[in-house]
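# Remarks on the overall topology
Here are the chains, one letter per residue:
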Amino acid sequence: MYGPIWVSKVRELRATQKLPANIGELVPAAIGIAAVANLALVLVLLVSRCWWSKVGQVGTLRVSPVAMNPTVSRPRWWWWGLFALTLVALAERLPRMDRSLWGDETLALRGYVTGHFSCSGKDHLHGKVKFVDDPWVHTFFSDDSGGGNNHYLYSIIARATLETWRKWTGQPDGAFSESVLRIWPLLAGLAALWAMAGWLRRLGMPGIGMVAAVLLAIHPWHLRFSGEARGYMLMLPIFILTLWAWTNALERGRWRDWVAVAVGQFFALYAWKGVLYPLVGINVLAMVLIWVKMDREGRKLSMGRWLAVNCVSGMVFVPLVAIAQIQMVAVIPAVARRGNEPLNLRWLENLLCETVLGFPARISDPLNPVEISFQRLWLENPVLTGLSVGVVVVALFMGLFWLIRRSPVLGAITLSVPVGGLLAVVHFKLLLNIELLRWYWFFACPVIVLWLALGAAAIWDDARKQWIAAVVVIVAFAVATWPIRRFHLTQPYENFRGALEFARGKDYRPWLDTGENHTKTVWIWRYAVMYDPRGENDAHTPKVLLAHVDESRREGMGFYLIDGYPLLTARILPEVQAMLDDPLLFEKAAVYWGQMPQQTMYIYKMRAAPKP
């Protein structure tokens, strides 16, 4: 390949779609990319020096939708109410901590946090599993496991916590605890409630802030990601604090406020890169507001500070993620080949419904008794579903209109978040041809609950009536979202551990494996190597499946096939499905339902060979 090393390496990865075995081979290209990017940012800093280094009266904009009243913004009940909400939210989330990790959690953990076990050759039948510890350099810089699954901030603190737990409790190499891995998302989820209430209290709306915090605690996505071992929930309180910092920067314009914006944006992105899209939306909006609404001198100072802090934070962030972005060149084509759901009305309905209510609009699997969707709930109870969802939708739009009328600046800031989400849709589905998972809009939760809370204040000016309206909105939102919340409260999102324990015995863990293996497990589609290093993911033809059956019978072993996407198997592997349905070969021993079709597991047990 020709050109500078960073260009030639990118071209090589795009052509081969294979990552080098040693991450060190990517370091020279990463240094080159970071150097070029930082040089460009330094040039921007130098060109704009006459703006950000100048002393003068900085421009400001009114953000708060109400007049500030220190007495009103510090009610006595506020702290007690927030403490009570925190305890209730904690009690609700604790039971989810030790549930099975699901597929994307294992991708985020296996290469960067926990290490992994491996088996090769005949070892998958009779040899003892071996632990392979991943180097810390992968935790800090790599992102090659499935594409985009290393949530850096979470990976670093989760690995430090896990290794401390192993040392203090005397656990063997490779041991992990689901609860330990989820401690930081749990704490971040509680912190997000405080950040939400505190931001709106800063805007002079402590009551609205408390209502918004309650609604955020009720939101199914908040419940789910408070107990998920990834970086989504770590991002959320940082993102809310960044919105708080933007409020201060636009209203006060002090250097400390602009620095807080840069720090918040950096750590939000370091927690989860998907928050880039709303941050781009907010930054573009801020640039427009500064340019249009401020006077000439104030505009220069504000624009200069905005440029300066963004450039400096970018100069820190780009070198940290340069290796990972080079890896993406080889990883993205493989991810794109997995499929991209059509960008049609059904997809849009599911996206909007799940963003607001935490579950999709349309039924995916009619045979799944636990799947939650608006369509299914409507068919089961149209009156309750229509009433509760109707109140939520009306409150949502009334809150947005109230906010735009009272504070066009804050209204525009909140609107820029879903606009950034639309940017993500364009980037993922149209440019990269990668499926945009609906929970990638998780960053919209603070805006959704803010609009809902404001919807209670939009009808009446009387405080007592506003509180009555707030209770109505909270109850309606709780009723509308209860079915999916019940799902999250009563079962894992994807029960890999349960499926493996069904096949290998209660409390099976790979680090306790003695090598005396008497069961063979084969997975179709979904596969968690983290739980089952002995398992295989190869049964996509009748010939291969029959070979697994023959080998198990020859070795005198039990054999379980775990189908991790039954709808897909029936649709595109009909010959394999026919073998699984053959009562002479298999029996369907168990079913673990999931909210999405690809999280449902059918477990097939091989029948004993007929006697000659």
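What comes next concerns the included structure. (Residues numbered from 1 in each chain as written. Predicted model: local features only at pLDDT ≥ 70, side-chain atom pairs only at ≥ 80, totals over all residues. Heavy atoms only, no water.)

## With respect to the overall build of the protein chain
Note the threshold: Numbering goes from the N terminus for both helices and strands, where a helix is a DSSP run of H or I of at least four residues and a strand is a run of E of at least two. Throughout, the radius of gyration refers to the C-alpha atoms, and the reference size of a globule is 2.2 Å times the residue count to the power 0.38. Relative accessibility thresholds used throughout: buried, under 20% of the residue-type maximum; exposed, over 50%; partly exposed, between the two (1.4 Å probe, protein chains only). Whether two residues are in contact is decided by their heavy atoms: any pair within 4.5 Å suffices. Surface accessibility follows the Shrake-Rupley procedure with a 1.4 Å probe radius. Residue values consider only the protein chains on display as shielding.
Counting its regular elements, the protein chain contains 25 helices and six strands. Relative to the 2.2 N^0.38 estimate, which gives 25 Å for 612 residues, the radius of gyration of the protein chain is 26 Å and therefore close to what a compact globule would have. For the protein chain, the proportion of its 612 residues judged to be buried stands at 56%. Considering only intrachain contacts with a sequence separation of at least 6, the fraction spanning at least 24 residues in the protein chain is 74%. Counting every atom, the protein chain has about 26,200 Å² of accessible surface; 65% of that belongs to carbon and sulfur.

## A closer look at helix α15 (residues 296-336)
Here is the rule: Here a helix's expected span is defined as the number of its residues, less one, multiplied by 1.5 Å. For a residue, the bend is simply the angle between two axes, fitted respectively to the seven-residue segment ending there and the seven-residue segment starting there.
With 41 residues, α15 extends only 47 Å from end C-alpha to end C-alpha; this falls clearly short of the ideal 60 Å at 1.5 Å per step. Along its length, α15 shows its largest kink, about 50 degrees, at A322.

## Topic: the sheet that holds strand β4 (residues 558-563)
Under the convention used in this document: The criterion for strand pairing is that DSSP finds at least two bridges linking the strands in question. Axis lines are fitted through C-alpha atoms, for helices just across the contact stretch, and the angle between N-to-C directions can take any value from 0 to 180 degrees.
Reading across the sheet, the four strands line up as β3-β4-β6-β5 and stay open at both edges, with mixed pairing between neighbours. For this open sheet the edge positions go to β3 (519-524) and β5 (586-592), each flanked by a neighbour on one side alone. Averaged over all adjacent pairs, the angle separating strand axes in this sheet is 20 degrees, with direction ignored. By the bridge criterion, six bridges tie β5 to strand β6 (residues 601-606) in an arrangement that is antiparallel. Each bridged residue has a counterpart across the sheet, and for Y592 the counterpart in β6 is M601. Across the sheet, helix α23 (residues 542-555) lies against β3, β4, β5 and β6, angled at about 150 degrees from β4, the strand it touches most.

## Quick look at the pattern of salt bridges
Pairs may arise between side chains of opposite charge once their charged atoms sit close together. Note the following rule: Salt bridge, as used here, is a side-chain nitrogen of Lys or Arg placed within 4 Å of a carboxyl oxygen of Asp or Glu.
Counted according to the given criterion, the structure contains 23 salt bridges. With its nearest N and O atoms 3.4 Å apart, the salt bridge here joins R159 to D133. In this pair, R159 sits in helix α7 (residues 152-169) while D133 sits in the loop between β2 (130-132) and α6 (136-141), placing the two residues 26 residues apart along the sequence. Overall, the relative accessible area of 2% leaves R159 in the buried class. A salt bridge links D532 to R504; its shortest N-O distance comes to 3.6 Å. You can see D532 sitting in the loop between β3 and α23 and its partner R504 sitting in helix α22 (residues 496-504), a full 28 residues away along the chain. For D532, a relative accessible area of 0% corresponds to the buried category.

## A few points about the side chain of Q265
Considering the arrangement of structural elements, one finds Q265 in helix α13 (residues 255-271). Residues within four places of Q265 in sequence aside, it is in contact with T242, W246, L279, N283 and N310.

## A few points about a nonpolar patch on the surface
The condition that has to hold: What goes into a patch is any residue over 30% in relative accessible area without a salt bridge, connected to like charges within 9 Å or, for nonpolar side chains (Val, Leu, Ile, Met, Phe, Trp, Tyr), within 5 Å.
A contiguous nonpolar patch, built from L276, V280, V284, M287, V288, W291, V292 and L423 and spanning about 670 Å² of accessible area, is present on the exposed surface. If you tally residues by element for the nonpolar patch, the top one is helix α14 (residues 276-293), at seven residues. Assignment of secondary structure puts L423 in helix α19 (residues 408-432).

## Focus on the state of the cysteines
Our working rule: Pairs of cysteine sulfur atoms within 2.5 Å are identified as disulfides in what follows.
For the structure on display, the rule yields zero disulfides. C50 forms no disulfide, and the closest cysteine sulfur to it belongs to C311, at a distance of 13 Å. For C353, which is in no disulfide, the shortest distance to another cysteine sulfur is to C445 and amounts to 13 Å.

## Looking at the pairing of β3
For clarity, the cut-off: If you view a crossover with the strands going away from you and the path from the first strand over the helix to the second runs clockwise, you call it right-handed.
Where burial is concerned, most of β3 is hidden: six out of the six residues are buried. Across six bridges, β3 lies against β4 in parallel orientation. Residue pairing in the sheet places T521 in a bridge with Y560 of β4. The β-α-β motif built from β3, the intervening α23 and the parallel element β4 has right-handed crossover chirality.

## Examining the packing of α7 against α13
Selection criterion: Angle categories are assigned with fixed cut-offs, so that under 35 degrees is roughly parallel, over 145 is roughly antiparallel, 65 to 115 is roughly perpendicular, and the rest are oblique. Polar here means any residue outside two lists: the nonpolar Ala, Val, Leu, Ile, Met, Phe, Trp, Tyr, Cys and Pro, and the charged Asp, Glu, Lys and Arg; Gly therefore counts as polar.
With their axes 5 Å apart at the nearest point, α7 and α13 run at an angle of 70 degrees to one another. Taken as axis vectors, α7 and α13 run roughly perpendicular relative to one another. Contact with α7, carried on its side by Y152, L153 and I156, involves F267, Y270 and A271 of α13 and no other residues of that element. Across the contact of α7 with α13, the residue classes tally to six nonpolar, no polar and no charged.

## A word on the packing of aromatic side chains
What counts is decided by this rule: Stacked, tilted and edge-to-face are the three classes applied to pairs of Phe, Tyr and Trp rings, where Trp contributes its six-membered ring and a pair requires centres within 6.5 Å; stacked means planes under 30 degrees apart, edge-to-face means over 60, and tilted covers the rest. Definition used: whenever NZ (Lys) or CZ (Arg) falls within 6 Å of the ring centre and also within 35 degrees of the ring normal, the charge is taken to sit over that ring.
Taken as a whole and judged by the stated rule, the model has 33 aromatic pairs. Seen from their ring centres, F225 and F442 are 4.9 Å apart, and the 50 degrees between their planes marks the pair as tilted. Of the two residues, F225 is situated in helix α11 (residues 220-225) and F442 in the loop between α19 and α20 (445-457); the sequence distance between them amounts to 217 residues. Overall, F442 belongs to the buried group, its relative accessible area being 0%. Ring-pair connections join several aromatic residues into one group, and the members of that group are W221, F225, Y232, W272, Y277, F428, Y440, F442 and F443. When the ring centre of W78 is taken as origin, the NZ or CZ atom of R201, which lies over that ring, is 4.5 Å away. Its guanidinium or amino end placed over the ring of Y493, R224 lies 4.0 Å from that ring's centre, counting from NZ or CZ.

## Some remarks on the packing of helix α12 (residues 232-251) against α13
What counts here: Each crossing gets its handedness from the near helix: less than a right angle anticlockwise from the far helix is left-handed, clockwise is right-handed.
Taken N-terminus to C-terminus, the directions of α12 and α13 make an angle of 160 degrees; their axes are 8 Å apart at the nearest point. Relative to α13, α12 is oriented roughly antiparallel. Crossing of α12 over α13 shows left-handed handedness. Together, L234, M235, I238, F239, T242, A245, W246, N248 and A249 of α12 and D257, W258, A260, V261, G264, Q265, F267, A268 and A271 of α13 make up the contact between the two elements. Each residue belonging to the contact of α12 with α13 can be placed in one class, and the counts come to 13 nonpolar, four polar and one charged.

## Some words on the side chain of R504
R504 sits in the buried class, given a relative accessible area of 16%. Contact partners of R504, with chain neighbours within four places excluded, come to N517, T519, T521, D532 and R534.

## Description of unusual backbone geometry
Phi at D507 takes a positive value of approximately 65 degrees, unusual for a residue other than glycine. Tracing the sequence through the fold places D507 in the loop between α22 and β3. For D507, a relative accessible area of 49% puts it in the partly exposed group. Unlike most non-glycine residues, W525 shows phi in positive territory, near 70 degrees. Checked against the element boundaries, W525 lands in the loop between β3 and α23.

Function cannot be inferred from these measures alone, as they are strictly geometric.
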